[in-house]
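Descriptive structure summary
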Amino acid sequence: PAAAAPAGTKKVIANLFEWNWTSVASECQSTLGPKGYGWVQVSPPQEHVRRSEWWVSYQPVSYRIESRKGTRAQFTSMVDTCHAAGVKVIVDAVVNHMSGQDTPGTGWAGSSFSHYDYPGTYQSQDFHYCGRPGNEISNYGDRWEVQNCELVNLADLKTESEYVRSRLAAYLNDLLSLGVDGFRMDASKHMPAADIAAIKAKLSRSAYIVQEVIYGAGEPITPNEYTGNGDVHEFRYGKDLARVFRSERLAYLRNFGEGWGHLPSSVSAVFVDNHDTQRDFGGVLTYNDRGIYALANAFMLAWPYGSPTVMSSYTFGNRDQGPPQDSSGRTLNTTCYSGWECEHRWPVIANMVGFRNATEGAGVANWYDNGYQHIAFSRTGKGYLTVNDEDFAITGRSYYTGLPAGRYCDVIHGTYSNGTCSGPVITVDANGWFAATVPAHDAIAIHVGARL
Ligand code: LM2
Ligand code: CA
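Just so it is clear, the model here is predicted, and its values are computed rather than measured. (Residues numbered from 1 in each chain as written. Chains lettered and ligands numbered in written order. Predicted model: local features only at pLDDT ≥ 70, side-chain atom pairs only at ≥ 80, totals over all residues.)

1. As for the overall build of the protein
Note the following rule: Under the DSSP-based scheme used, a helix requires at least four consecutive residues in state H or I and a strand at least two consecutive residues in state E, with every element numbered from the N terminus. In this setup the radius of gyration rests on C-alpha atoms only. A globule is expected at 2.2 Å times the number of residues raised to 0.38. Three classes are used. A residue is buried when 20 or more other C-beta atoms lie within 10 Å of its own, exposed when 12 or fewer do, and partly exposed in between, with C-beta atoms placed from the backbone. By definition, residues are in contact whenever their C-beta atoms, placed on the basis of the backbone, come within 7 Å of each other.
Across its full length, the protein holds nine helices and 20 strands. The C-alpha atoms of the protein give a radius of gyration of 22 Å, which matches the 22 Å a tight globule of 452 residues would have. With the C-alpha coordinates of the protein rotated into their principal frame, the extents come out at 70 × 45 × 40 Å. The proportion of buried residues among the 452 residues of the protein is 52%. A sequence separation of at least 24 residues applies to 71% of the contacts in the protein between residues at least 6 apart.

Following this line, the structure appears as structure tokens:
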């Protein structure tokens, strides 16, 4: 059976894209743990080619845990620190391929390599040479080609071979021995689901698995094929959500998820944007959309579909630009709001993680919409969200929440801590109603975990 969404009540994942290990560790302690994030997803930790772009991480040259993000010792200490803060660690695992550089070189940690030769790890017989032009994938309508040719020149591993499977499993088992809790399986579409299953079967203990299979209309390889191995990223979610916010009606969201043809909720991993879609997919909502981006994340965190990941980016001008780094290429420590966006810290987003945790397991009730851009719903007995994305304030309305009477912190505008609320307080009456004004492009959220 498919692995469930990340286990435990704290299921929200923060994707600290390209953060170095030291910074991830301190973030677990200072923010992720305290705010209720259950997981942190980190960028690929293995040795990679030496260049400045972000995507060097996706060009492995060996499985030494040495990268511009830090050493093996720093990685290990990060895992321990995050665990101590109650945060589990998901590693982005690059297993479909090795590097894509045509000229030989030396990796980050000094391993020499050439295309199709990684001394001590893989040799030429471990790769696919599909025989199509440049050995390159060009037709996504051809299943065989997508899985046996090269994705942007990246040396494509024979994941059907016993040796390759064992070598990949040894890498993943090494990470498990350091305490890692789960893997994002990069480029999963480019490997048959059965190959991933075979690698998973060689793992020394259970781990959360989330597979990257980008849905493409009409393509023969579908996300559904992979659900037997674990969760699968639902790329339609962020695309559809962006379209709704940009050009349609929030009222359409009343059956968002399975009702839209998305994967079954129990195996679906969702996000507003990720490191690829914020660069390449045009149209998804990103940090550049500021308030609307926060509202979309608030909706994702309040809506009980799938396992949500909150993206955390560094600021970039062009798509290849790497993270802030020193002259020798080491990733600099993160400084939020200066070169780094830290969306996961934005008060609306961070506070809605608490909403997600407090409402876990409760269904949707009391849906309301005005037919256009104003919606509201409760999470039965646990929480209530209303989003007004109209260009005007909604005044003089009362909302039926079904929540116990009491005074609740509006976690969109205030932070609840130690029994106090830094923002407005919403009073739910004995019949479960409250009255409030919702400004244009704004929201109100209350939940039983932030009751005064
Ligand atoms: C993924 N999932 O399936 C990652 O999420 C995505 O970010 C990766 O692409 C891709 N698969 C391979 O792991 C990135 C990036 C590419 C970059 C590759 C390899 O989006 O632009 O390709 O990583 O680093 C770059 C150059 C490309 C060149 C290739 C090989 O852009 O032009 O191909 O390196 O040298 C000739
Ligand atoms: Ca492949």
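2. Topic: the UniProt feature "domain: Glycosyl hydrolase family 13 catalytic" (unreviewed entry) in the protein
Under the convention used in this document: UniProt positions are given in the numbering used here, feature names are shortened, and annotations may be inferred rather than shown by experiment.
This chain's UniProt record puts "domain: Glycosyl hydrolase family 13 catalytic" (unreviewed entry) on residues 11–356. Between the C-alpha atoms that bound residues 11–356 the distance is 8 Å, and the span itself is 29% helix and 11% strand.

3. Here's the deal with the sheet that holds strand β20 (residues 442–447)
To keep things clear, this is the line we draw: By this definition, two strands are paired if DSSP reports at least two bridges between them. To obtain an axis, a line is fitted to C-alpha atoms, over the contacting stretch when the element is a helix, and the angle between two such axes runs from 0 to 180 degrees between their N-to-C directions.
As summarised here, the arrangement of the four strands in space is β11-β12-β13-β20, forming an open sheet in which the pairing is antiparallel. If you trace the sheet from one side to the other, it starts and ends with β11 (364–369) and β20, each paired once. Ignoring strand direction, the axes of neighbouring strands in this sheet form an average angle of 5°. By the bridge criterion, six bridges tie strand β13 (residues 383–388) to β20 in an arrangement that is antiparallel.

4. Some points on the domain arrangement of the protein
Selection criterion: In this entry, domain limits derive from an automatic or database-based domain assignment. Nonpolar residues are Ala, Val, Leu, Ile, Met, Phe, Trp, Tyr, Cys and Pro. Charged residues are Asp, Glu, Lys and Arg, and all others, Gly as well, are polar.
When its domains are assigned, the protein resolves into domain 1 (13–359) and domain 2 (364–450). For domain 1 versus domain 2, the distance between C-alpha centres works out to 34 Å. Taken together, the contact between domain 1 and domain 2 spans 22 residues of the former and 23 residues of the latter. Here the residues of the side of domain 1 that touches domain 2 sort into 15 nonpolar, five polar and two charged.

5. Considerations on the UniProt feature "domain: Alpha-amylase C-terminal" (unreviewed entry) in the protein
The positions that UniProt labels "domain: Alpha-amylase C-terminal" (unreviewed entry) are, in the present scheme, residues 365–451. Taken as a whole, residues 365–451 contains 0% helix and 55% strand, while its terminal C-alpha atoms sit 20 Å from one another.

6. Details of the nonpolar core
Applied cut-off: For our purposes the nonpolar core covers buried Ala, Val, Leu, Ile, Met, Phe, Trp, Tyr and Cys residues that link as a set through C-beta atoms within 7 Å.
Counting residues in each nonpolar core, the largest one holds 120 residues, and the members touching the most others are Val40, Ala298, Met352 and Ala445. For this core, the element with the highest residue contribution is helix α8 (residues 290–302), accounting for nine residues. When residues of this core are assigned to domains, at least three fall in each of domain 1 (13–359) and domain 2 (364–450). When near neighbours in sequence (up to four residues on either side) are disregarded, alanine 445 contacts Ala298, Ala302, Met352, Phe355, Leu385, Asp410, Val411 and Ile412.

7. A closer look at the site of ligand 1
Keep this limit in mind: Working rule for contacts: place C-beta from the backbone, and if it is within 6 Å of a molecule or strand, that residue counts as near it.
Surveying the vicinity of ligand 1 reveals 14 residues, the closest of which are Trp55, Tyr58, Gly100, Val152 and Ala187. Split into classes, the residues belonging to the shell around ligand 1 amount to seven nonpolar, four polar and three charged.

8. Some thoughts on the environment of arginine 72
With respect to the helices and strands, arginine 72 occurs in helix α2 (residues 72–84). In this structure, the C-alpha to C-alpha distance between arginine 72 and leucine 285, residues 213 residues apart in sequence, is 35 Å. With sequence-adjacent residues up to four places away left out, arginine 72 is seen in contact with Ile65 and Glu66.

9. Topic: the pairing of strand β9 (residues 268–271)
Of the two faces of β9, the one lined by Ser268 and Val270 and the one lined by Ala269 and Phe271 are each fully buried. Where strand β8 (residues 231–233) and β9 come together, two bridges link them in parallel fashion. Among the inter-strand pairings, valine 232 is bridged to a residue of β9, identified as serine 268. As defined by bridge partners, β9 adjoins strand β10 (residues 307–312) across three bridges and the pair is classed as parallel. Within β10, the position partnered with valine 270 by the bridge is proline 308.

10. Here we look at the packing of helix α1 (residues 21–35) against α2
Note the cut-off: Throughout this description, any angle smaller than 35 degrees is read as roughly parallel, any larger than 145 degrees as roughly antiparallel, any in the 65 to 115 degree range as roughly perpendicular, and the remainder as oblique.
Contact pair α1 / α2: the axes reach a minimum separation of 8 Å and the direction vectors enclose 10°. It follows from the interaxial angle that α1 and α2 lie roughly parallel. Contact with α1, carried on its side by Trp21, Thr22, Val24, Ala25, Cys28 and Gln29, involves Gln74, Phe75, Ser77, Met78, Thr81 and Cys82 of α2 and no other residues of that element. Of the residues in the contact of α1 with α2, the class split is seven nonpolar, five polar and no charged.

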